Amino acid sequence: MKKWLMPPMLCVVCLAGCQGEWWKPKAAPAPPAEIALSRDENWSRLTPHMQISVSGSGTLADPYVYNVPMDLNLNGHNISVTGWQGMGNLGPGVSAIFHVNGGLRGGGSIDVGSQGRSGGKLEITTTGGVALNSVSTGGPKDEQGGEFSLNAGAPVQLSGYINTSGAAGGGNVKIQCPALSIGAFNACSIYSAGPASEASRWPGLNKATKAGHVVIDCSGPVTLQGSIIAGGSQAGQVVIRNGRGGRCQDVAIGGDVDVASRQTGRGMLYVQADSLRLKGNVLAGGQSAPGGEIDVNCLNDCQIGGYVRTDSTASASGHVRLQGRHIWVQGADKGCSINTHPGSAKQAVAGDGNVLLQCVDTSSARYDPNNPLNGATSSVFVAGKILTGYAGALLRGEVFISAVEVQLGGDVQIGITNERTLEIHYGVGRFGYTHLVEASQRWDGRGEHGVNYGAAVPDFLADVPYAGLGR
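Definitions and limits used
- Residues numbered from 1 in each chain as written.
- Predicted model: local features only at pLDDT ≥ 70, side-chain atom pairs only at ≥ 80, totals over all residues.
- Heavy atoms only, no water.
- Buried < 20%, exposed > 50% of the residue type's maximum accessible area, 1.4 Å probe, protein only.
- Helix = DSSP H or I, 4+ residues; strand = E, 2+ residues; numbered from the N terminus.
- Pairing = 2+ DSSP bridges.
- Core = buried A, V, L, I, M, F, W, Y, C linked by side-chain atoms within 4.5 Å.
- Contact = heavy atoms within 4.5 Å.
- Salt bridge = Lys/Arg side-chain N within 4 Å of Asp/Glu carboxyl O.
- Polar contact = N/O pair within 3.5 Å; in protein donor to acceptor, adjacent residues only side chain to side chain.

**Student:** Sorry, what's going on with the pairing of strand S4 (residues 64-68) here?
**Tutor:** Consecutive side chains along a regular strand alternate between the two faces of the sheet. Burial analysis of S4 places four of its five residues in the buried class, which makes it a mostly covered element. Looking at chain direction, strand S3 (residues 53-55) and S4 are connected through three bridges and run antiparallel. Residue pairing in the sheet places Ser55 in a bridge with Val65 of S4. Here five bridges tie S4 to strand S7 (residues 95-100), and the two strands are oriented parallel to one another. Bridging from a neighbouring strand, Val68 pairs with Val100 of S7.

Now the structure itself:
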């Protein structure tokens with residue numbers, strides 16, 4: 001049987017055609033590393049980006065849910081989340097949830113409160129960090145501002161501010177992240193109250209604004225360049241800590257903390273941190289409402305550049321409790337650095353009106369007489385007066401101060417009867433050195449005091465230990 005042989009020329013052509021593994025499928029192009037905006041965008045039930053899946057109808061009961069599978073880069077642009085009614089409809093506010101598998105960055109802003117009568121609700125969860133300009137859930141018309149919640153897996157940086165204000169008050173703010181930095185707009189970092197500028201256009205606004213609460217949970221440092229505004233007819237509460245009662249690192253606030261309440265409820269400032277440096281004032285007074293509650297617990301410095309008020313015009317006052325290695329209250333309002341004076345005993349609870357300035361350091365570190373307020377040993381410095389008051393068994397206006405070095409710039413006025421208690425504890429006296437300074441004069445332990453103590457029998461106790469003069 002005759003065998004057929006392939007011509008030599010054909011064999012060469014076949015071998016040449018088989019080179020390069022042409023039969024294998026080409027690799028798919030790599031997916032984009034991020035979703036980047038090229039202009040301002042309006043998001044509703046659809047977005048301009050096919051990678052983002054959307055569900056929900058945008059209401060509070062059924063919010064839009066945006067699942068972003070990669071980094072979202074705003075590139076300096078803004079996202080406005082709008083309802084199906086469109087931008088011109090004055091219906092209810094919009095609710096949206098962002099789930100970002102990556103970081104949310106590039107500056108720009110996110111706004112969910114631009115078209116409704118009331119503010120919207122915005123919730124953001126990211127596995128990475130956040131670097132934006134500002135976030136707004138404010139209501140432009142006659143209702144409450146919206147709520148804002150952020151849970152980030154890496155540090156958060158906002159160059160602008162957070163606005164949850166509405167004409168009738170502000171919405172709540174809750175932030176959870178490893179570290180937080182917020183800039184300021186009009187000297188404010190977080191605004192969760194009714195805007196004062198609206199009072200003339202909305203009659204009765206000052207009697208109807210309910211502020212939102214502000215909760216910051218961070219394991220690292222917290223830096224706010226401006227104020228936290230959460231005051232109103234019903235004040236909000238400001239809490240800065242790490243998780244469930246834990247301590248965050250250093251906290252710096254470049255303005256005031258305003259939790260003053262006019263009509264009902266108590267404002268509150270609660271800080272648990274390595275240190276607190278507050279440039280402005282703590283405003284927690286009340287009118288017909290009781291004064292607020294101030295609790296700051298630091299391992300190191302607790303520095304307040306202004307004054308602290310928890311007094312009330314017509315109700316019970318709140319308390320002030322500051323703890324740290326060095327405590328400074330450096331400002332004064334009408335000569336008063338700490339004011340917890342009550343208008344009456346209405347709505348009083350045990351401990352109202354009291355002032356506690358307690359240093360957590362009673363170690364054996366050596367005392368430096370040339371640097372007594374910020375050396376190794378503990379210290380308390382109050383620039384002006386401490387004013388409290390008595391309004392019954394629950395509201396006694398007692399004062400307790402304890403540190404190696406205690407320096408008081410003004411009187412301590414808590415009344416003239418035995419109903420009150422005033423105790424000042426300072427460094428032990430066995431080294432022949434008195435650690436109580438009154439109105440810039442060091443008390444010698446024997447002669448007249450340099451300030452007026454409004455208590456029948458104030459106690460001065462040299463019982464706080466330290467290692468020695470350390471000259």
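Here the narrative resumes, following the displayed structure.
**Student:** Explanation requested: the nonpolar core in the structure shown.
**Tutor:** The tendency in soluble globular proteins is for nonpolar side chains to be buried side by side. Core analysis: the biggest nonpolar cluster contains 96 residues, and Phe98, Leu180, Leu322, Leu357 and Ile424 have the highest contact counts within it. The residues touching Ile424, leaving out its near neighbours within four places in the chain, are Ile401, Val406, Leu408, Leu436, Tyr453, Asp459, Phe460 and Leu461. Counting residues in hydrophobic clusters, the runner-up holds six residues, among them Val404, Val428, Tyr433 and Tyr466.

**Student:** I keep staring at unusual backbone geometry and nothing clicks. Help me out?
**Tutor:** With glycine set apart, most residues show a phi of negative sign, and most peptide bonds adopt trans. Its identity is not glycine, yet Gln347 carries a phi of approximately 65°, on the positive side. Position of Gln347 relative to the elements: it lies in the loop between strand S37 (336-339) and strand S38 (355-359). Backbone geometry places Ala439, a non-glycine residue, at a positive phi of 50°. With respect to the element layout, Ala439 can be found in the loop between strand S45 (436-438) and strand S46 (441-442). Since its relative accessible area comes to 35%, Ala439 is described here as partly exposed.

**Student:** What exactly am I supposed to notice about the pairing of strand S35 (residues 320-324) here?
**Tutor:** Burial of the side chains of S35 is restricted to one face: Val320, Leu322 and Gly324 are buried, whereas none of Arg321 and Gln323 on the reverse face is. Two strands pair when backbone bridges link them, and strand S32 (residues 293-298) and S35 are joined in this way by four bridges, in the parallel orientation. Within S35, the position partnered with Asp295 by the bridge is Arg321. Alignment of S35 against S38, held across five bridges, turns out to be parallel. From the neighbouring strand, Val320 faces S38, where its bridge partner is Val355.

**Student:** It is not clear to me how the pattern of salt bridges should be interpreted in this structure. Could you clarify?
**Tutor:** Pairing is possible between side chains of opposite charge, provided their charged atoms come close. Overall, the coordinates contain 11 salt bridges when judged by the stated rule. Where Arg309 meets Asp333, a salt bridge forms, and the shortest distance between an N and an O atom there is 3.2 Å. Residue Arg309 is located in strand S34 (residues 308-309), and its partner Asp333 is located in the loop between strand S36 (326-329) and S37; the two are separated by 24 residues in the primary sequence. Residue Glu398 is joined to Arg396 by a salt bridge in which the shortest nitrogen-to-oxygen separation is 2.5 Å. Residues participating in the shared-partner salt-bridge network are Glu34, Asp71 and Arg105.

**Student:** Would you mind showing me how to read the environment of Ala184 here?
**Tutor:** With respect to the helices and strands, Ala184 occurs in the loop between strand S19 (180-182) and strand S20 (188-191). On the accessibility criterion, Ala184 (33% relative accessible area) is partly exposed. Between the alpha carbons of Ala184 and Tyr161 there is a distance of 5.3 Å; along the sequence they are 23 residues apart. Contact partners of Ala184, with chain neighbours within four places excluded, come to Ser159, Gly160, Ser189, Gln225 and Gly226.

**Student:** Which parts of the structure should I look at to understand the side chain of Thr310?
**Tutor:** Of note, Thr310 is situated in the loop between S34 and S35. What makes Thr310 buried here is its relative accessible area of 0%. Looking at Thr310, its side chain comes within polar contact range of the main-chain oxygen of Gly318, at 2.8 Å. Residues in contact with Thr310, not counting those within four places in the same chain, are Ala284, Gly285, Gly291, Gly292, Ile294, Ser317, Gly318, His319, Val320, Asn339 and Thr340.

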